[in-house]
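# Architecture and fold: a report
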Amino acid sequence: MNIVSTLLLALAMSADAFAAAVSKGAMLHRPRIIEALRTGMIFGVIEAITPLVGWSLGRVAADYVTAWDHWIAFSILAFLGIRMTWSGLKHDGKVVEKSRSHSFILLAMTALGTSIDAMSVGVSLAFLDIDIVPVAFAIGIVTCIMVSAGVMLGRVLGSASKHTVEIIGGLILIGIGSLILYKHLYGAA
């Protein structure tokens, strides 16, 4: 993967976390930068670990599915992208009660919930024999930055942006999956 693909993937993987951070920031009364950085670090570390776990699981099965690797990567990324886009398009209208602070456990559980897609991406990258360490590092750093910004911007952006961010992240995943499939089928550089 080149640097542009890696950064786009990192942005796509951080979209769910950013959306969650915006809503977390909206729940706080005047979030401080230290809370934003703390939240960003928790999300970033978890988001970096999950593709490593997925990649490790994928490496075990990679030898058995090399003939289908591009279709597997496309299917996983397209599924996740469609799921994220669908989630962004539907509005449930629930009223969220404001909290005064966020515990580590709550943030870690939220981060884990938003990072499941990164684990699936790690699996798909194992099928493509891609070095996962720089990708996982990029995902973690971008997520940390996006989440920290999301917390600080939460009050300004409100819950409406959550849907837009999820839609954009979903479309990026679909685009990356389509690019992988196209390159494999047509030998494009």
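Here the structure is shown first, and the text comes after it.
Below, the structure is looked at part by part. Remember, predicted model here, so these are calculated numbers, not experimental data.

So, on to the overall build of the protein. Assigned secondary structure in the protein consists of six helices and zero strands. Along the protein, helices (α) and strands (β) appear in the sequence α-α-α-α-α-α when read from the amino end. For the protein, buried positions account for 46% of its 189 residues. Taking as baseline every contact in the protein between residues at least 6 positions apart, the subset at least 24 positions apart corresponds to 96%. Summing over all exposed atoms, the protein offers an accessible surface of approximately 10100 Å²; the carbon and sulfur share of this is 71%.

Next up on the list: the packing of aromatic side chains. Inspection of the entire model under this criterion finds two aromatic pairs. For the pair tryptophan 71 and phenylalanine 74, a centre-to-centre distance of 6.4 Å together with 85° between the ring planes defines the contact as edge-to-face. One end of the pair is tryptophan 71 and the other is phenylalanine 74, both in helix 3 (residues 69–89) and three residues apart, which spans about a single turn. The class of tryptophan 71 is partly exposed, set by a relative accessible area of 37%. Plain terms: the ring middles of tyrosine 182 and tyrosine 186 are 5.1 Å apart, the flat faces sit at 40° to each other, and that makes the pair tilted. Placement of both tyrosine 182 and tyrosine 186 in helix 6 (residues 160–186) is noted, with a separation of four residues, approximately one turn of the helix. For tyrosine 182, a relative accessible area of 45% translates into the label partly exposed.

Turning next to the layout of surface pockets. Taken as a whole, the second largest pocket holds about 270 Å³ of empty space. If you go around the second largest pocket, the residues you meet are Met1, Asn2, Ser5, Leu128, Ile130, Ile176, Leu179, Ile180, Lys183 and His184. Top element by residues in the lining of the second largest pocket is helix 6. It accounts for five residues. Residue composition of the lining of the second largest pocket, by class: six nonpolar, three polar and one charged.

Following the sequence through the fold, glutamate 35 ends up in helix 2 (residues 33–62). Given a relative accessible area of 16%, glutamate 35 falls into the buried group. In this view, glutamate 35 contacts Leu28, His102 and Leu107; residues no more than four positions away in its chain are not counted.

With that settled, consider the environment of glutamate 47. Note that glutamate 47 resides in helix 2. We classify glutamate 47 as buried; its relative accessible area is 0%. Residues glutamate 47 and methionine 13, 34 residues apart in the sequence, show an inter-C-alpha distance of 8.0 Å. Once residues within four sequence positions are removed from consideration, glutamate 47 is found in contact with Met13, Ala17, Ala111, Thr114, Ser115, Asp117, Ala118, Ile139 and Thr143.

Bringing the nonpolar core into the picture now. Judged by nonpolar contacts, the single largest core of 21 residues is most densely connected at Leu9, Met13, Leu77, Val121, Leu125, Val135 and Leu173. Elements with a minimum of two residues in this core: helix 1 (3–27), helix 3, helix 4 (104–127), helix 5 (132–157) and helix 6. If sequence neighbours within four positions are ignored, valine 135 has contacts with Met1, Thr6, Leu9, Leu125 and Ile130. Membership of the second largest hydrophobic core comes to 12 residues, among which are Ala17, Ala21, Phe43 and Ala111.

A few words now on helix 1. End to end, helix 1 covers 35 Å across 25 residues, agreeing with the expected 36 Å (1.5 Å per residue, within 8%). The buried count for helix 1 comes to 18 of 25 residues, which makes it a mostly enclosed element. One side-chain oxygen at the N-terminal end of helix 1 lies 3.1 Å from the backbone nitrogen of valine 4; it belongs to asparagine 2.

Analysis parameters
- Residues numbered from 1 in each chain as written.
- Predicted model: local features only at pLDDT ≥ 70, side-chain atom pairs only at ≥ 80, totals over all residues.
- Heavy atoms only, no water.
- Helix = DSSP H or I, 4+ residues; strand = E, 2+ residues; numbered from the N terminus.
- Buried < 20%, exposed > 50% of the residue type's maximum accessible area, 1.4 Å probe, protein only.
- Contact = heavy atoms within 4.5 Å.
- Areas by Shrake-Rupley, 256 points an atom, 1.4 Å probe, with all protein chains shown as cover.
- Phe/Tyr/Trp six-rings, centres within 6.5 Å; stacked < 30°, edge-to-face > 60°.
- 1 Å grid on protein atoms, 1.4 Å probe; cavity = no way out; pocket = protein on both sides within 12 Å on 5 of 7 lines; lining within 4 Å.
- Points joined across faces, edges and corners; volume = space filled by probe spheres on them.
- Nonpolar A, V, L, I, M, F, W, Y, C, P; charged D, E, K, R; others polar.
- Core = buried A, V, L, I, M, F, W, Y, C linked by side-chain atoms within 4.5 Å.
- Expected span 1.5 Å × (residues − 1).
- Polar contact = N/O pair within 3.5 Å; in protein donor to acceptor, adjacent residues only side chain to side chain.

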